[in-house]
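Structure assessment
This is what each chain is made of:
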Amino acid sequence: MKVNQKDSEKLIWDPMRSPSGTTLSVTTSPNRALPKLMVWLILFVSATYVVYTLKLVSSSHSCDNDDIFNHNHNHLSFRSSSNKTEPLPLLHNQIDDSFNRTELKHIAFGIAASAKLWEKRKNYIKLWWKPKEMRGVVWLDSPVKTSTDESLPPVRISGDTSKFAYKNRQGHRSAIRISRIVSETLRLGMENVRWFVMGDDDTVFVTDNLVRVLNKYDHNQYYYIGSLSESHLQNIYFSYGMAYGGGGFAISYPLAKALHKMQDRCIQRYPGLYGSDDRMQACMAELGVPLTKELGFHQYDVYGNLFGLLAAHPVSPLVSLHHLDVVEPIFPNVTRVEALKRLTIPMKLDSAGLIQQSICYEKTKSWTISISWGFAIQIFRGVLSPREIEMPSRTFLNWYKRADYTAYAFNTRPVARNPCQKAFVYYMTKARFDSLKNRTVSEYVQHRVPHPVCRWKMPNPAELERVEVLKKPDPHLWDRSPRRNCCRVLESKRKSMVVDVGVCGENEISEV
């Protein structure tokens, strides 16, 4: 039976009262001395508890004060209701002081190259390499002619790998040389290195975005960061847990040290593997380090036109482009290098927003607009849902040419489900920064190609010649949670249109 506090007290005190309700006098009887003993016991326990509690609170207060003075650099401030500034702990991935932030000077690049293709592919490296800000080495299989006038990293010859067995009949033993580039770069003894970044001679890095991605992670821990192939079959044949070196990958300094100690023994255990990437992943597996996937590293195991992939880039910073000799130039009617040089113009203005997709609607004309900032704009007749537009259109072919669209490692859509909904494409031709209004102004001109006859009774986008996009630079875009920017049609004439792109406002969504 439950006894509440009142009943408990009654049970204790009632025996000490007379039947008439008056208090009984306490005698020396043992039975009557028991309640008095219990009272003293309760008072003693209570006093002990109070003293202990006061001592604990005093000790805790002292520790808290020490913590505030010792760690005040790891707190943000916020305004409380009493107008006092209180410390707010930073999240694990947020680093406030410049001392802890990773910069380009903390990265050592190891670039795999071959002497046979050096004269052609060194032009890709020139597009992104910054000699005064970066450190790294191009690792070649044999000597080449070099010039100090060229803006390129220093060149070195890879170490001898003849002692390592190679038994894969479909591959080439240069894979062993390339797989050891991180270890060989580590042995150069560069100071204050936090990350080793591996890439190929036909890889183009967006270095500002590379730094943004690496700042998400603690360089003192073991990290192996990269991305997969676009081909599902490639990932099946090699591994869904492997970073593809052409797209680039990053290894933290402590992990690089651990890899260096065991890599040569590790390589000896896998003579039958095909390439350098799977050898690297095999050693990572022995070290127990999984791949941390970042979608902005692009292997681009495809053929044809990258337009569909670039026009619907995932909501992630663009870090790298690869296989640029295999695919068509990303802008029409220019060479591959010229096209990439054009891309560096918006890259310098707002690297965080480069090729990021925004979706909106021209309601008066029933058009759907998809903007890949700094690259291209698509205008569709009719209303297409964001769910469909954010999928890449199949302007490219699989690495395995006999494979169909089901062999990609992501969702795709046809170029047009209806002839009337073939996109009108506008490529970026120029971009500038308007310092008076603190915004970028980029211009996109229609790429004239034949379109199917359409009998839909709505305005024809073919008459629209150019689109101007206004966008404020947003270097802290990726410090916030991932979300597409919003776009708004500001002005729509017969031959021109003005669109604003930026952070979505409250309750702003992509809807008609």
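Note that the structure is predicted; figures quoted are calculated from it, not measured.

A tally of helices and strands in the protein chain yields 12 helices and 21 strands. When the 512 residues of the protein chain are sorted by exposure, 45% land in the buried category. Excluding contacts between residues fewer than 6 apart, the proportion of contacts in the protein chain whose partners are at least 24 apart in sequence is 65%. Carbon and sulfur atoms make up 54% of the accessible area of the protein chain, which totals about 28,000 Å².

Another aspect to go through is the sheet that holds strand 21 (residues 496–502). What holds strands together in a sheet is hydrogen bonding between their backbones, with the strands either parallel or antiparallel. The strand order across the open sheet formed by 8 strands is 13-14-15-17-18-19-21-20, and the pairing between neighbours is mixed. Looking at the sheet topology across the chains shown, the edges are occupied by strand 13 (357–362) and strand 20 (486–492). Here the average twist between neighbouring strands, direction ignored, is 25°. Where strand 17 (residues 424–434) meets strand 18 (residues 439–446), 8 bridges bridge the pair, whose relative direction is antiparallel. Bridge pairing links Phe-433 to Thr-440 in strand 18. The sheet contacts of helix 11 (residues 336–349) involve strand 17 and strand 18, and relative to strand 17 the element is tilted by about 50°.

Glancing now at unusual backbone geometry. Located in the positive-phi region is His-323, a residue other than glycine, with phi close to 55°. Relative to the elements of secondary structure, His-323 occurs in the loop between strand 12 (320–321) and helix 11. In this model, Asn-333 sits at a positive phi of 65°, which is unusual for a non-glycine residue. The topology assignment puts Asn-333 in the loop between strand 12 and helix 11. Taking the relative accessible area as the measure of exposure, Asn-333 reaches 75% and is therefore exposed.

This part takes up the sheet that holds strand 6 (residues 195–200). Read across the sheet, 7 strands follow the order 5-4-3-6-9-8-10 without closing on themselves; strand pairing throughout is mixed. The two strands at the open ends of the sheet, each matched to only one other strand, are strand 5 (155–157) and strand 10 (292–293). Where strand 3 (residues 107–112) and strand 6 come together, 6 bridges link them in parallel fashion. Across the sheet, residue Gly-110 finds its bridge partner in strand 6, namely Met-198. Most of the contacts of helix 6 (residues 207–214) go to strand 3, to which it runs at about 120°, and overall it touches strand 3, strand 6, strand 8 (224–226) and strand 9 (249–252). In the packing of helix 9 (residues 276–287) onto the sheet, the strands contacted are strand 8 and strand 9, and the crossing angle to strand 9 comes to about 30°.

Attention now moves to helix 11. For helix 11, the complete set of buried residues consists of Ala-339, Leu-340, Arg-342, Leu-343, Thr-344, Pro-346 and Met-347. Those residues of helix 11 that are buried are in contact with helix 3 (118–128), strand 7 (204–205), strand 12 and strand 17.

Counting across every chain of the model gives 4 disulfides. Each sulfur of the disulfide joining Cys-266 and Cys-283 lies 2.1 Å from the other. Measuring the twist about the S-S bond at about -110°, one finds the Cys-266-Cys-283 disulfide to be left-handed. Placement of Cys-266 in helix 8 (residues 253–268) and of Cys-283 in helix 9 is noted, with a sequence separation of 17 residues between them. Classification of Cys-266 by relative accessible area gives buried; the value is 0%. Counting only the cysteines that form disulfides, in the order they appear in the protein chain, gives the pairing 1-2, 3-7, 4-5, 6-8.

We now examine a nonpolar patch on the surface. Nonpolar side chains collect at one region of the surface, where Val-39, Trp-40 and Leu-43 lie side by side and expose about 310 Å² of accessible area between them. If you trace the backbone, Val-39 turns up in helix 2 (residues 30–70).

The rules we used
Residues numbered from 1 in each chain as written. Predicted model: local features only at pLDDT ≥ 70, side-chain atom pairs only at ≥ 80, totals over all residues. Heavy atoms only, no water. Helix = DSSP H or I, 4+ residues; strand = E, 2+ residues; numbered from the N terminus. Buried < 20%, exposed > 50% of the residue type's maximum accessible area, 1.4 Å probe, protein only. Contact = heavy atoms within 4.5 Å. Areas by Shrake-Rupley, 256 points an atom, 1.4 Å probe, with all protein chains shown as cover. Pairing = 2+ DSSP bridges. Axes fitted to C-alpha atoms, helices over the stretch in contact; angles between N-to-C directions. Disulfide = S-S within 2.5 Å. Patch = residues over 30% accessible without salt bridge, like charges linked within 9 Å, V, L, I, M, F, W, Y side chains within 5 Å. Salt bridge = Lys/Arg side-chain N within 4 Å of Asp/Glu carboxyl O.

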